[in-house]
Structure formats: structure tokens, C-alpha cells
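If you want the building blocks of each chain, they are given just below.
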Amino acid sequence: MSQEFGGRTGLQGKLTQWLRGRRPKEAADDGGREALLLAAAEAGLPLAPAAHPAGYRCSCDRIGCPTPARHPVSFAWQTQSTTDRAQIERWARHQPQANFITATGMVHDVLDLPLEAGREALERLLASGIEVGPVAETDDGRLMFFTLTRGTPEDEDEWWPCELDCHPETMDERPGLRWHCRGSYVLVPPARLPGDGQSVHWVRGPEHPLPDPLSLLEILTDAGARWAGEEPDHVSAAWPLRG
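Just so you know, these numbers come straight off a predicted model, no measurement behind them.

Basis of the calculations
- Residues numbered from 1 in each chain as written.
- Predicted model: local features only at pLDDT ≥ 70, side-chain atom pairs only at ≥ 80, totals over all residues.
- Heavy atoms only, no water.
- Phe/Tyr/Trp six-rings, centres within 6.5 Å; stacked < 30°, edge-to-face > 60°.
- Helix = DSSP H or I, 4+ residues; strand = E, 2+ residues; numbered from the N terminus.
- Buried < 20%, exposed > 50% of the residue type's maximum accessible area, 1.4 Å probe, protein only.
- Pairing = 2+ DSSP bridges.
- Contact = heavy atoms within 4.5 Å.
- Axes fitted to C-alpha atoms, helices over the stretch in contact; angles between N-to-C directions.
- Salt bridge = Lys/Arg side-chain N within 4 Å of Asp/Glu carboxyl O.

Draft legend 1. Up close: the packing of aromatic side chains. Considering all chains together, one arrives at 3 aromatic pairs under this definition. Between the aromatic rings of tryptophan 77 and tyrosine 185, the centroid separation amounts to 4.9 Å while the plane-to-plane angle is 75°, which identifies the pairing as edge-to-face. Of this pair, tryptophan 77 sits in helix α3 (residues 77–80) while tyrosine 185 sits in strand β9 (residues 185–187), and the two are 108 residues apart along the sequence. Both residues of the pair, tryptophan 77 and tyrosine 185, belong to the buried class. Summarising the aromatic geometry, the rings of tryptophan 91 and phenylalanine 100 are spaced 6.3 Å apart at their centres and angled 45° between planes, so their arrangement reads as tilted. Assigned by exposure class, tryptophan 91 and phenylalanine 100 land together as buried.

Following this line, the structure appears as C-alpha cells:
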């Protein structure tokens, strides 16, 4: 896939929009939503249905939901997650309000930063000529870098659970760089968040190949550490401990 999704143009235009305090516009119609989900699945991102906003609350029945509109609807989301086109089409058409999550640690990981730090890191990566894969922005202030995962099912010893770095329901404890790997998930665009027009949308679409996370790690770690007012510790600041 070579085109940009959602009618956006090149990277320079995106950076200009950022500086003006605007963001690229997502396709709002149901066909655009389905096309974006299928593009993500075609790129290898396994998807599963997630909760959606109900006003300023979550569509789930959980009182005081800690991650409103951000979590899967099934406890079996890890085994349910799929790239199967027919299944994703059924979900998208039968659950027109649903968000979707993508399970990390299977095919891909996600490194996410506070928005300001993420924008700085993205500019530095591109200026350095480093290949950057898909990047998504959340309107509540994060930039998510999609990368290859560090382990595969054939190489179980190289995997460790995401709880050692950033569990989805305790992410506030990691305000700087977060590394979503095995056992975690993130919302995949297009997704809606509670609030007025809040969303998750692509800055760089899933047509961009997933890079090796190590090629991005130093710049992302430095940007995250500066944002948090800490001394950058390069790899060790972001790399989870083994279990």
C-alpha cells in the first residue's frame, strides 16, 4: 500500500499541521473506518473489538472503568485477536460503534510517548534518516510508534510479559516512555475516546513497514527522559527487565 489513508498528504504537511495545533482528519464514514481497520490487519496487526465511548463514560458495565473506551470487550482478547479479513468485516459491521485494540507482542510492539516528546522524537528520527513505521496519535496526548516485536512464538525465551514494563490498566505509573509488548494492547485507529471529538488517528499509516524497535529506542528514550525531566539513560531507561 503506497497511499496515505484518510486523505492526508506528506510528512511535511503533517508537521506543519502539528505546529498550527491541528491534526489530520480521519475518514468519518463507516466505509472509511472499515477500510482503515482492514489496512491495519493487512499490515499484520491482530485486532479485536474494544469498548467505545458512551458520552463521557465507557460502554462497559464496569463502575469507574479505569480505561474507558480503551479496553477489549472480551477477556479472551489475546486468542480472539486476528488479522482475518472476513472476521474483522463481521465485527466492524455488527458492532458499528466499537473501537478496536491490537494485541502487542505477537507481531508488533508499540512504544508510546507523551505527545510533545513524541513529536520531537519523530522529527529527530526522520532528520537522521532512520526508517519509521506506523505512528498513531491520541487526542489525550500520546504518540505511538509501531515496531516489530522482540520475540516470536518460536523463540519463547526472548519474550517477557508487559507487566514488567507497562500494564494497560496501570499506565499512569509510567508517564514517560511506555513499551507495550507481550500481554498488552493499544487502540488501533480509527478509535473514539470519551469527550468532544476525541480520537486516535494515524499520523503515518500502516502501509509503512514495521521497523526494528532498537533502531528507534535511543532517540525515543532520550526524548521521553527530557520530557520527564530526567537524565537520559538510553536503552536501560526503557528496556523492561526479564522475568
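Draft legend 2. Local environment of the sheet that holds strand β10 (residues 191–192). Strand order across the open sheet formed by 6 strands is β8-β5-β7-β6-β11-β10, with antiparallel pairing between neighbours. Each end of this open sheet is capped by a strand with a single partner; those strands are β8 (178–180) and β10. Sheet topology note: the strand β6 (residues 135–138)/strand β7 (residues 142–148) ladder contains 4 bridges and is antiparallel. Across the sheet, glutamate 137 pairs through a bridge with leucine 143, a residue of β7. Along the sheet, helix α5 (residues 115–127) makes contact with β5 (108–114), β6, β7 and β11 (199–204), crossing β5 at roughly 115°. Across the face of the sheet, helix α6 (residues 213–227) comes into contact with β5, β7 and β8 while running at roughly 20° to β5.

Draft legend 3. Spotlight on the environment of alanine 225. Secondary-structure assignment places alanine 225 in helix α6. Spatially, the C-alpha atom of alanine 225 lies 6.7 Å from that of glycine 176, the residues being 49 residues apart in sequence.

Draft legend 4. Layout of the pairing of strand β4 (residues 99–103). Counting buried positions along β4 yields 5 of 5 residues, so the element is predominantly enclosed. On β4, burial covers both faces: Asn99, Ile101 and Ala103 on one face and Phe100 and Thr102 on the other are all buried. Note that strand β1 (residues 47–50) and β4 share 4 bridges and pair antiparallel. Considered in β4, the bridge of alanine 50 is made with asparagine 99.

Draft legend 5. Seen up close, the side chain of histidine 52. Structurally, the position occupied by histidine 52 is in the loop between β1 and β2 (53–54). For histidine 52, the residues in contact, after removing those within four places along its chain, are Arg57, Cys58, Ser59, Ala69, Gln97, Ala98, Asn99 and Arg192.

Draft legend 6. Broad picture of the pattern of salt bridges. Taken as a whole and judged by the stated rule, the model has 8 salt bridges. Notably, a salt bridge pairs aspartate 140 with arginine 70, separated by 2.2 Å at the nearest N-O pair. Of this pair, aspartate 140 sits in the loop between β6 and β7 while arginine 70 sits in the loop between β3 (57–58) and α3, and the two are 70 residues apart along the sequence. We classify aspartate 140 as partly exposed; its relative accessible area is 45%. Ionic pairing is found between aspartate 112 and arginine 178, a salt bridge with its closest N-O pair at 3.7 Å. In this pair, aspartate 112 sits in strand β5 while arginine 178 sits in strand β8, placing the two residues 66 residues apart along the sequence. Accessibility assignment for this pair places aspartate 112 and arginine 178 in one class, buried.

Draft legend 7. Quick peek at the environment of leucine 143. Summarising the element assignment, leucine 143 is placed in strand β7. By relative accessible area, leucine 143 is classed as buried at 0%. Aside from chain neighbours lying at most four places away, what touches leucine 143 is Leu111, Asp112, Leu113, Leu115, Gly118, Arg119, Val135, Ala136, Glu137 and Val203.

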